[in-house]
Amino acid sequence: MNTPVHGPAKLWRLTAIAAGLLAAGCAFAYTAGWIGGPKLSPQRIIDTFEAQAGHHPGYRKNHAKGLCVTGYFESSGLAAPLSSARVFEQARVPVIGRFAIGGANPATPDTGVPVRSMALQFATDDGQLWRTGMNNPPVLAIGTPEAFYQQVLAMTPDPATGKADPARMQAFFAEHPESAAFRQWAASYKPSDSFASTQYHSINAFRLIDRQGKEQPVRWQVEPQTPYSALPAQVSDTLFLQHDLAQRLSQGPLRWTLRLVLAEPGDPLEDPSKPWPAQRRSIDAGTLVINAVDAPEQGACRDLNFDPLILPTGIQATADPILAARSAAYSESFNRRSRESLNTGVRP
Amino acid sequence: MKPAAFHPFARLLHWLMAVLILAMLFIGVGMVSDLSTRHPLLVELHKATGLLLLLLVLVRIAVRLTVPHPPLPADLPALQRLAAKASHIALYGLMLSMPLLGWAMLSAGGYPRPLQLPAIAPHDLQLYALLRGAHSWAGYLLFATVLVHLGAALMHAWVRRDAVFKSMWPGPLRDSK
């Protein structure tokens, strides 16, 4: 029965077993990114944000400064033929939202950066969730996570001025001709005086799936029903946009139209740096009504990760690499700030 | 009378879960440091497989408790006997807790869950942090325990050359002994 091996044979076999276990351990460490060459990871992107803007425990690692709002979405029903998502037919869908400004420093003045964002969660009565994070520029300057990382590096603040080095930004744009549409937007951008009169874009393309399983690629945008008014040249209030929004909401609800822009064959679906032709057909999917500030930074939006891949049945992702990278990086940001909340208490 | 080998169904469960658990550990640790287009696919696969493994471990615990299994070799030293018992308790505990921690952490983080499963923890950022950390550390511990288990199994097969490895052999057993 038992014939244990002894002597050199035993030594060889023990060595073989140890080598096998070591190899398995190394494979695991390599997969985890603990060993091996540096690669672009969500951790590295967030580390770079923090290296540039400072460590701000509890805050989102990008679009750090914002405020929570609540409201609802009134579906027009017009998008229901294109998507089986309940959000496009339910009369009134509760919404939790967040307005923010771009950047990883929560102390930035509201009007100090051009990028504004609106994040939304729609919770429909079938128990499904749809989260979307939208920006005011309709496109990004880049179309891949690697180029995004290069852009972040190019925007590293110069210690002398506290601002990005213009020469470095120029060099980045020269190396990235795909940034043309974004630069055009930036050059013509005239900031409004309110989150309420700002238009927000999905950035990435998604696919609507109808009841027969037919796909329609779309981008969406949230168009303000509040008339445009230019931002004053001089603004001293660092919370200008937050105060403005609270003031407007104290007067009554604010409205936006959720517009789905329908792609046509050949439109780029996986490159958020490429705009679609302006004459694309679109559908008014309904009206977003925001009616209250839900405690700045401390409302229901605080504990949500507005991962753009949290989609209901009837809306699917495209293979856009930025979409996947956003999802991965948002998750890392959420994990870090939740860990930080253990030490600092729950407050951003 | 104790059998010489594990019941074929127990062996099927063991090897099926062995493959799935190893895949899960690598997917889990790989997906969080990956931001390519593989990331969302791996996350979906991780959640679906986690749910499957939760169902499998429940069946497996029931099988372990009800179907007779072979004893450890009579000549096994007491310390190794203790190590065998402890590592098996750890393996079962971790196999059960990993998917439950995953489910609970999605609940606490306010994330949707596969098949719209109900939340099993309140939506709470600090609780999420604890559960998310526990899910990682239980995963590392499970991987380490799997390596110890594998090393011990190979010691039985190649060094002690007793009946332990054969009792869990994935194929049909030709020898009656």
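Since this is a predicted model, take the numbers as computed values, not measurements. (Residues numbered from 1 in each chain as written. Chains lettered and ligands numbered in written order. Predicted model: local features only at pLDDT ≥ 70, side-chain atom pairs only at ≥ 80, totals over all residues.)

Assigned secondary structure in chain A consists of 7 helices and 10 strands. Oriented by its inertia axes, the alpha-carbon framework of chain A measures out at about 90 × 60 × 45 Å. With 348 residues in all, chain A has 41% of them scored as buried. Partitioning the intrachain contacts of chain A with sequence separation of at least 6 by distance along the chain shows that 75% fall at a separation of at least 24. (Helix = DSSP H or I, 4+ residues; strand = E, 2+ residues; numbered from the N terminus. Buried ≥ 20, exposed ≤ 12 C-beta atoms within 10 Å, placed from the backbone. Contact = placed C-beta atoms within 7 Å.)

In terms of helices and strands, chain B carries 4 helices and 0 strands. Written out in order from the N terminus, the α and β elements of chain B read α-α-α-α. For chain B, the C-alpha atoms occupy an extent of roughly 55 × 30 × 25 Å along the three principal directions. Buried positions account for 27% of the 177 residues belonging to chain B. Long-range contacts, defined here as pairs at least 24 residues apart, represent 68% of the contacts in chain B between residues at least 6 apart.

Moving on, we come to the UniProt feature "transmembrane region" (unreviewed entry) in chain B. All names here are of chain B. As recorded in UniProt, the sites labelled "transmembrane region" (unreviewed entry) are residues 12-33, 45-63, 89-108 and 137-159. Taken end to end, residues 12-33 is 91% helix and 0% strand, and its two terminal C-alpha atoms sit 32 Å from one another. For residues 45-63, helix accounts for 100% and strand for 0%, while the C-alpha atoms at its two ends are 26 Å apart. (UniProt positions renumbered as here; feature names shortened; annotations may be inferred.)

This next bit is on the interface of chain A and chain B. On the side of chain B, 33 residues touch chain A, which itself brings 42 residues to the contact. Counting only elements with at least two residues in the side of chain A that touches chain B, the list comes to α1 (7-32), α2 (42-53) and α7 (321-344) of chain A. Broken down by element, the side of chain A that touches chain B gets its largest block of residues, 12 residues, from α7 of chain A. Of the residues belonging to the side of chain A that touches chain B, the class tally is 25 nonpolar, 13 polar and 4 charged. (Nonpolar A, V, L, I, M, F, W, Y, C, P; charged D, E, K, R; others polar.)

Attention shifts here to α2 of chain A. Residue and element names in this part refer to chain A. Across its 12 residues, α2 extends 17 Å between first and last C-alpha, which sits within 8% of the 16 Å expected from 1.5 Å per residue. Every buried residue of α2 is accounted for by P42, I45 and F49. When α2 is viewed along its axis, its buried side chains cluster within an angular range of 70° and face the same direction. G54, located one to two residues past α2, shows a positive phi value of around 95°. (Expected span 1.5 Å × (residues − 1). Arc of directions from axis to C-beta.)

The subject of this paragraph is the UniProt feature "domain: Cytochrome b561 bacterial/Ni-hydrogenase" (unreviewed entry) in chain B. The UniProt record marks residues 6-171 of chain B with the feature "domain: Cytochrome b561 bacterial/Ni-hydrogenase" (unreviewed entry), using the residue numbering of this structure. Spanning residues 6-171 of chain B, this segment combines 72% helix with 0% strand, and its end C-alpha atoms are found 12 Å apart.

For chain B, the mean per-residue pLDDT works out to 95, and 97% of the residues sit at or above 70. The ipTM value of the predicted complex is 0.94, and its pTM value is 0.95. (pLDDT = per-residue confidence, 0-100.)

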